[in-house]
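Structural overview for review
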Amino acid sequence: MSMQDTASSGVALWRLVADGIERGIADGRFAAGDKLPGEMEIAETYRVNRHTVRRALAALAERGLVRAERGSGTYVEAQKLAYPLRSRTRFSEIVGAGGREPRGQLIEASEDVATRELARELGLKAGAPLVRIEAIRLADRTPICVSTTWLSAELFPNAGAVFAATRSMTKLLAHYGVRDYRRGATRITAGIVDATDAARLDLALGRPILVVDATDHDLEGKPLMTKHSRFAAERVEFLVES
C-alpha cells in the first residue's frame with residue numbers, strides 16, 4: 001500500500017496506517033490475540049518511517065484495539081469480557097464460558113492483621129491474624145484484573161501456598177472443605193490505575209479501572225473472604241443480573 005498521495009489528501013500518515021490496521025482487525029486478517037507484524041514490517045508495507053508506525057499503534061492502543069507487551073510485540077485485543085455480577089461469581093467459569101482460557105497467578109502472599117473495616121467484613125475481631133493474597137487474573141494472555149484477598153489465618157492456614165498451587169480461589173476454598181459459596185453485596189467504583197497496577201495489568205498510566213469490593217460467604221452466611229479487585233476498564237463490561 002502506497003502513501004504517496006497522503007500529502008495532497010491532507011490526512012496524517014499515522015492515521016492512514018492506523019485505519020489500515022483497524023480494517024485488518026475488522027475483516028479478520030488480524031484476529032483477537034494475534035501478534036501484529038513488527039514495526040519495521042509495517043513501515044515497509046505502508047512506506048512510512050517507524051516513528052509514524054509507533055504513533056499509529058499508540059492511537060490504536062488508546063482506543064483499546066491493540067496492546068503492546070514489553071519485549072514481546074503488539075497484540076490485537078480481544079473483545080471486552082462480559083462479566084456477570086451475580087450471587088455466584090466465578091472468574092474461571094465466566095472466562096471459560098467466553099471461549100477463553102482462565103489463568104490465575106500469585107503475586108504475593110503475606111501475613112496481615114484485620115483493620116476495623118476488614119474485621120467487620122470477615123466477622124472477626126480487630127487485630128485478628130489474616131492471610132493477604134495479591135493475585136492477577138488473565139483471560140488467555142490478557143490481564144483482566146488484580147485482586148487483593150483477605151482470609152482468616154486461623155480458618156485458612158497456609159492459604160497463600162494453596163493458592164500458589166491451585167491458582168484458583170474456588171479450589172483454595174475446596175481445599176479447606178468449602179464446596180460452595182455466595183457473593184454478598186458488590187460495590188463498584190471508578191478509578192485511575194496507579195504505577196504498580198499499571199505494570200501488572202499492562203496498562204498505560206492514567207488509564208481507567210473499575211474497582212470492585214465484595215465479600216464472599218458460605219451457604220450459611222458466614223464470611224469467608226473479602227476482596228479488593230481492580231479491573232482494566234477497557235477489557236471488561238459488567239452485567240448486573242437480577
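Because the structure is a prediction, the values reported are computed rather than measured.

Some points on the layout of surface pockets
The method is simple in principle: a probe with the dimensions of a water molecule rolls over the atoms, and the space it marks as empty is what remains. Computed from the structure, the largest pocket encloses a volume of approximately 520 Å³. Taken together, 29 residues make up the lining of the largest pocket; nearest its centre are Phe91, Ser92, Arg137, Ser168 and Met169. Tallied by class, residues from the lining of the largest pocket come to 11 nonpolar, nine polar and nine charged. By volume, the second largest pocket amounts to about 380 Å³. The wall of the second largest pocket is formed by 18 residues, among which Ala61, Val66, Arg67, Ala68 and Ala204 lie closest to the centre.

Considerations on the pattern of salt bridges
Scanning all chains against the criterion turns up 23 salt bridges. Each of Asp112, Arg132, Glu134, Asp197, Arg200 and Arg230 takes part in salt bridges that share partners, so that together they form one network.

Regarding the nonpolar core
Core analysis: the largest hydrophobic core is formed by 17 residues, its most contacted members being Val17, Ile21 and Leu36. Put simply, the parts of the chain that give this core at least two residues each are helix 2 (13–26), helix 3 (39–46) and helix 4 (50–62). Not counting residues up to four positions away in its chain, the partners in contact with Leu36 are Ile21, Phe30, Leu57, Val66, Thr74 and Val76. Counting residues in each nonpolar core, the second largest holds 15 residues, with Ala159, Met169, Leu172 and Leu224 among its members.

Quick word on the domain arrangement of the chain
Assigned domains within the chain: domain 1 (4–76) and domain 2 (81–239). Facing the eight residues of domain 1 at the interface are eight residues of domain 2. When the buried surface of domain 1 facing domain 2 is broken down by residue, Glu62, Arg67 and Arg70 rank first, second and third, together holding 64% of it. Counting the contacts that link domain 1 with domain 2 gives two salt bridges. The residue Arg207 makes a salt bridge to Glu62 at a minimum N-O spacing of 3.2 Å. The interface formed by domain 1 and domain 2 holds two residue pairs in polar contact (both at pLDDT 80 or more) in total. Elements with a contribution of two residues or more to the side of domain 1 that touches domain 2: helix 4 and strand 1 (66–69). In terms of residue count, strand 1 provides more of the side of domain 1 that touches domain 2 than any other element does, three residues in total. Within the side of domain 1 that touches domain 2, the residues separate by chemical class into three nonpolar, one polar and four charged.

Parameters and conventions
Residues numbered from 1 in each chain as written. Predicted model: local features only at pLDDT ≥ 70, side-chain atom pairs only at ≥ 80, totals over all residues. Heavy atoms only, no water. 1 Å grid on protein atoms, 1.4 Å probe; cavity = no way out; pocket = protein on both sides within 12 Å on 5 of 7 lines; lining within 4 Å. Points joined across faces, edges and corners; volume = space filled by probe spheres on them. Nonpolar A, V, L, I, M, F, W, Y, C, P; charged D, E, K, R; others polar. Salt bridge = Lys/Arg side-chain N within 4 Å of Asp/Glu carboxyl O. Core = buried A, V, L, I, M, F, W, Y, C linked by side-chain atoms within 4.5 Å. Buried < 20%, exposed > 50% of the residue type's maximum accessible area, 1.4 Å probe, protein only. Helix = DSSP H or I, 4+ residues; strand = E, 2+ residues; numbered from the N terminus. Contact = heavy atoms within 4.5 Å. Domains from an automatic or database assignment. Buried area = accessible area lost by both parts, 1.4 Å probe. Polar contact = N/O pair within 3.5 Å; in protein donor to acceptor, adjacent residues only side chain to side chain.

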